[in-house]
Amino acid sequence: MFRFLSGFGSYWMLLGRVFARPEKHSIYYKQTLKEFVSLGLRSIGIVTIISFFMGAVITLQTAYNTENPIYPTYLIGLGARDSILLEFSSTIVALILAGKVGSNIASEIGTMRVTEQIDALELMGVNSASYIILPKVVATVLFNPFLTLISIVTGIGGGWIAGTAAGVVTSEDYIYGIQYAFIPYYITYALIKTVIFAFIITTVSAHQGYYVDGGSLEVGRASTYTVVYSSVTILLFNVILTQLLLS
Amino acid sequence: MIRAEHISKSFDGREVLKDISAVFEPGKTNLIIGKSGSGKTVFLKRLVGLLDVDEGKIFYNDVLFNGLDFKAKKEIRKEMGMLFQGSALFDSMTVEENVMFPLEMFTNMSGEEKRDRVNFCLERVDIINSNHLFPSELSGGMKKRVAIARAIALKPRFLFCDEPNSGLDPKTSIVIDDLIREITVELNMTTIVNTHDMNSVMENGEKIIFIEEGEKCWEGNRDEILKSDCKLLNEFVFANALAKQLKDSLK
Ligand SMILES: Nc1ncnc2c1ncn2[C@@H]1O[C@H](COP(=O)(O)OP(=O)(O)OP(=O)(O)O)[C@@H](O)[C@H]1O
Ligand SMILES: [Mg+2]
């Protein structure tokens, strides 16, 4: 409990240092571009693959659960669309990224800590927290909405391919269904959640890495804790945000 | 000049440094010696402000360092270079980018000026044609030399080296020791080196401080060290059989 509270305190203090005024803009700009590639572009593959198959499964399950002649089959498209928009592409994708990007950030920063690279930055007079973490926050907060959009598109596409291939829904019905009673606000909702989840993933994992004390064993432990902490925080905020945004 | 007054430091109630005072002069290679775990690294990190103050004062050219705010500290920090025990090169950057980093961060030099300075520093430490290698592709001795190049890129007035030759063969050790001594004189830096290597002590020891269990036990130079009658120091200096024989034959 004490560890939790002191961790909470040091998290906010670290955030304070991260958002101190950057020292040299050109360097931060360059770092941010690098992070776009390593945290953003390199996640497109996994997001695409997972979204495609999850879209397929969601569509098939919706179809088999509504196998009743009184339901029109276009409802399958509608159901798949809403599941993907509301939950899958924001929350589940965030949980997957907490595993991939979060542990990556924690172990990268943790390694910098135990190999004294952070000390080296501090010694030069660089605000190490801001130099290392700010570009990652900016990159993920700006880029993850694109990942969510990609996930929505490939998820719905995966559903279309699986649904028509399995013969549970015709192409016309599915396409009609995904347009039927469409609420554009759901996309806004998904994107708002994504931005907040991106912030959580990056800052929680950076905090875990930044305060590693010890050696490579502790770095490994920090990246495991990162996945646990950021997943739980995401799930908690998922409830809060859903209540705030949809009620 | 660096002056430390009554430095103490504890971790979780265990005293690691006990009331150490010392003066380190410019243009000289000042050595801190002591066996493993005696508190050398903690003392050095304390001097440069990487560890928080428990007690004591640190002056850089008569400015009280540990009383300053982040901004004022930064001004002094720009004049510091440090070689860490594990080199601490940025592993996402090439050799060239590592050395260039402080220049990019703190100067407004043009690209060409920066490259010239980087090449000058790398040549100074004898690293040639390796600009585009990453730290993981270097040997331990090369890493130390690149780290020295990075530390001197901004022409610091204070240089700190934590065990510059640990893990190196005797010959490479001497190369690094000579290098540190030469650039200290060249740039008239105040250099402080942590070491437990007796070779460097005898090569470089213009001023030596001996720490045992966090306490300063002895202070002097390389000529005095052989004649001292501090018992703990003698145990440290004449730890190996050869040195003991030598001491006996001197008598
Ligand atoms: N962050 C820390 N927390 C707790 N104890 C520490 C910490 N850092 C160092 N110590 C303790 O302080 C003592 C001195 O350590 P220090 O690293 O200064 O030794 P050293 O003289 O540099 O040894 P070596 O020659 O092996 O590098 C050790 O007993 C170590 O356990
Ligand atoms: Mg040490």
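See above for the structure.
Keep in mind that what you see is a predicted model, and the values were worked out from it rather than measured.

1. Some details on the overall build of chain A
Stage number 1. Counting its regular elements, chain A contains nine helices and zero strands.
Stage number 2. Helices and strands in chain A line up, N terminus first, as α-α-α-α-α-α-α-α-α.
Stage number 3. Reported as C-alpha extents along the three principal axes, the dimensions of chain A are approximately 70 × 40 × 35 Å.
Stage number 4. Each of the 247 residues in chain A was classed as buried or not, and the buried ones make up 49%.
Stage number 5. Sequence separation of 24 or more characterises 87% of the internal contacts of chain A that already satisfy a separation of 6 or more.
Stage number 6. Of the accessible surface of chain A, which amounts to about 11,500 Å², a share of 71% is contributed by carbon and sulfur atoms.

2. Section: the coordination of the magnesium ion (ligand 2)
Residues and elements named next belong to chain B.
Stage number 1. Taken together, Thr41 (OG1) and Gln85 (OE1) make up the full set of protein donors to the magnesium ion (ligand 2), lying 1.8 to 2.6 Å away. Note that Thr41 is positioned in helix 1 (residues 40-47) and Gln85 in the loop between strand 6 (80-83) and helix 3 (95-106), a separation of 44 residues in sequence.
Stage number 2. We classify Gln85 as partly exposed; its relative accessible area is 33%.

3. Points about the pairing of strand 8 (residues 190-195) of chain B
Residues and elements named next belong to chain B.
Stage number 1. Strand 8 sits mainly inside the fold: six of its six residues count as buried.
Stage number 2. Summarising the sheet, strand 3 (residues 28-33) and strand 8 pair through six bridges and their orientation is parallel. What sits directly across from Lys28, in strand 8, is Thr190.
Stage number 3. Here strand 7 (residues 158-162) pairs with strand 8 via five bridges, running parallel. The partner of Asp162 across the bridge, within strand 8, is Asn194.
Stage number 4. Between the parallel elements strand 7 and strand 8, the chain passes through helix 6 (residues 170-186) in a crossover that is right-handed.

4. Quick word on the environment of A:Gly45
Residue and element names in this part refer to chain A.
Stage number 1. Following the sequence through the fold, Gly45 ends up in helix 3 (residues 44-65).
Stage number 2. Look at Gly45 and you get partly exposed, because its relative accessible area is 40%.
Stage number 3. Expressed as a C-alpha distance, the spacing of Gly45 and Asn127, which sit 82 residues apart in the sequence, is 33 Å.

5. Observations concerning a negative patch on the surface
Stage number 1. Residues B:Glu15, B:Asp19, B:Glu55, B:Glu213 and B:Glu215 make up a contiguous surface patch of negative charge.
Stage number 2. Within the fold, B:Glu55 resides in strand 4 (residues 55-60).

6. Quick notes on a nonpolar patch on the surface
Stage number 1. A contiguous nonpolar surface patch, about 470 Å² in accessible area, is contributed by A:Leu236, A:Phe237, A:Val239, A:Ile240 and A:Leu244.
Stage number 2. Within the secondary structure, A:Phe237 is located in helix 9 (residues 216-246).

7. What about helix 5 (residues 117-124) of chain A?
Because an α-helix completes one turn every 3.6 residues, residues spaced three or four positions apart along the sequence face the same direction.
Residues and elements named next belong to chain A.
Stage number 1. Among the eight residues in helix 5, eight count as buried, and that is most of the element.
Stage number 2. Here helix 5 has its buried residues at Gln117, Ile118, Asp119, Ala120, Leu121, Glu122, Leu123 and Met124.
Stage number 3. One or two positions beyond helix 5, positive phi appears at Gly125, with a value near 95 degrees.

8. Describing the site of ligand 1
All names here are of chain B.
Stage number 1. Surrounding ligand 1, one finds 14 residues, the nearest of these being Ser36, Gly37, Lys40, Thr41 and Glu163.
Stage number 2. Contact distances for ligand 1 include 3.3 Å between an oxygen atom and a backbone N or O atom of Ser38.
Stage number 3. Lys40 places a polar side-chain atom, nitrogen or oxygen, 2.8 Å from an oxygen atom of ligand 1.
Stage number 4. When isolated, ligand 1 has an accessible area of 640 Å², and the protein chains bury 67% of it.
Stage number 5. Of all the secondary-structure elements, those providing two or more residues to the shell around ligand 1 are strand 2 (14-24) and helix 1.
Stage number 6. The element best represented in the shell around ligand 1 is helix 1, accounting for three residues.
Stage number 7. Counted by class, the shell around ligand 1 contains three nonpolar, seven polar and four charged residues.

9. What to know about the pairing of strand 7 of chain B
The side chains of a regular strand alternate between both faces of the sheet.
Residues and elements named next belong to chain B.
Stage number 1. Burial analysis of strand 7 places five of its five residues in the buried class, which makes it a mostly covered element.
Stage number 2. Alternating positions in strand 7 separate into two faces, Phe158, Phe160 and Asp162 on one and Leu159 and Cys161 on the other, with burial throughout.
Stage number 3. Of the strand pairs in this sheet, strand 6 and strand 7 are connected by four bridges, and their pairing is parallel. Paired with Gly81 across the two strands is Leu159, which belongs to strand 7.

10. Side note on the state of the cysteines
Stage number 1. According to the stated counting rule, one finds zero disulfides over all chains in the structure shown.
Stage number 2. Left without a disulfide partner, B:Cys161 is nearest to the cysteine sulfur of B:Cys121, which lies 14 Å away.

11. Remarks on the interface of chain A and chain B
Stage number 1. Taken together, the contact pairs 19 residues of chain A with 27 residues of chain B.
Stage number 2. The contact between chain A and chain B buries some 2,000 Å² in all, and 61% of this surface belongs to carbon and sulfur atoms.
Stage number 3. On the chain A side of the interface with chain B, the three residues burying the most area are A:Glu116, A:Leu123 and A:Met124, jointly 34% of the side's total.
Stage number 4. For A:Lys30, the salt bridge identified is with B:Glu104, shortest N-O distance 3.4 Å.
Stage number 5. Taken together, chain A and chain B are joined by seven residue pairs in polar contact (both at pLDDT 80 or more).
Stage number 6. Secondary-structure elements contributing two or more residues to the side of chain A that touches chain B are helix 2 (25-40) and helix 5 of chain A.
Stage number 7. Here the side of chain A that touches chain B takes seven residues from helix 5 of chain A, the largest share from any one element.
Stage number 8. By residue class, the composition of the side of chain A that touches chain B is eight nonpolar, four polar and seven charged.

12. Regarding the nonpolar core
Stage number 1. A:Tyr131, B:Phe43, B:Leu47, B:Tyr60 and B:Phe160 are the most contacted members of the largest nonpolar core, which totals 86 residues.
Stage number 2. Among the elements that make up this core, the one with the highest residue count is helix 4 (residues 74-114) of chain A (13 residues).
Stage number 3. Not counting residues within four places of it along the chain, the set of residues in contact with B:Phe160 comprises B:Ile2, B:Leu44, B:Leu47, B:Val48, B:Tyr60, B:Met80, B:Gly81, B:Met82, B:Leu83 and B:Ile192.
Stage number 4. B:Ile33, B:Val95, B:Ile152 and B:Ile183 belong to the second largest nonpolar core, which has 41 residues in total.

13. Quick word on the side chain of A:Thr194
Residues and elements named next belong to chain A.
Stage number 1. Of note, Thr194 is situated in helix 8 (residues 185-210).
Stage number 2. Among the polar contacts made by the side chain of Thr194, one reaches the main-chain carbonyl oxygen of Ala190 at a distance of 2.7 Å.
Stage number 3. Once residues lying within four places of it in the same chain are set aside, the contact partners of Thr194 are Ser90, Asn144, Pro145 and Thr148.

The rules behind each value
Residues numbered from 1 in each chain as written. Chains lettered and ligands numbered in written order. Predicted model: local features only at pLDDT ≥ 70, side-chain atom pairs only at ≥ 80, totals over all residues. Heavy atoms only, no water. Helix = DSSP H or I, 4+ residues; strand = E, 2+ residues; numbered from the N terminus. Buried < 20%, exposed > 50% of the residue type's maximum accessible area, 1.4 Å probe, protein only. Contact = heavy atoms within 4.5 Å. Areas by Shrake-Rupley, 256 points an atom, 1.4 Å probe, with all protein chains shown as cover. Donors = N, O, S within 2.8 Å, 3.2 Å for Na, K, Ca; no water. Pairing = 2+ DSSP bridges. Right-handed = clockwise from strand over helix to strand, strands pointing away. Patch = residues over 30% accessible without salt bridge, like charges linked within 9 Å, V, L, I, M, F, W, Y side chains within 5 Å. Salt bridge = Lys/Arg side-chain N within 4 Å of Asp/Glu carboxyl O. Lys, Arg positive; Asp, Glu negative; His and termini not counted. Charge placed at Lys NZ, Arg CZ, Asp CG, Glu CD. Near = heavy atom within 4 Å. Polar contact = N/O pair within 3.5 Å; in protein donor to acceptor, adjacent residues only side chain to side chain. Nonpolar A, V, L, I, M, F, W, Y, C, P; charged D, E, K, R; others polar. Disulfide = S-S within 2.5 Å. Buried area = accessible area lost by both parts, 1.4 Å probe. Core = buried A, V, L, I, M, F, W, Y, C linked by side-chain atoms within 4.5 Å.

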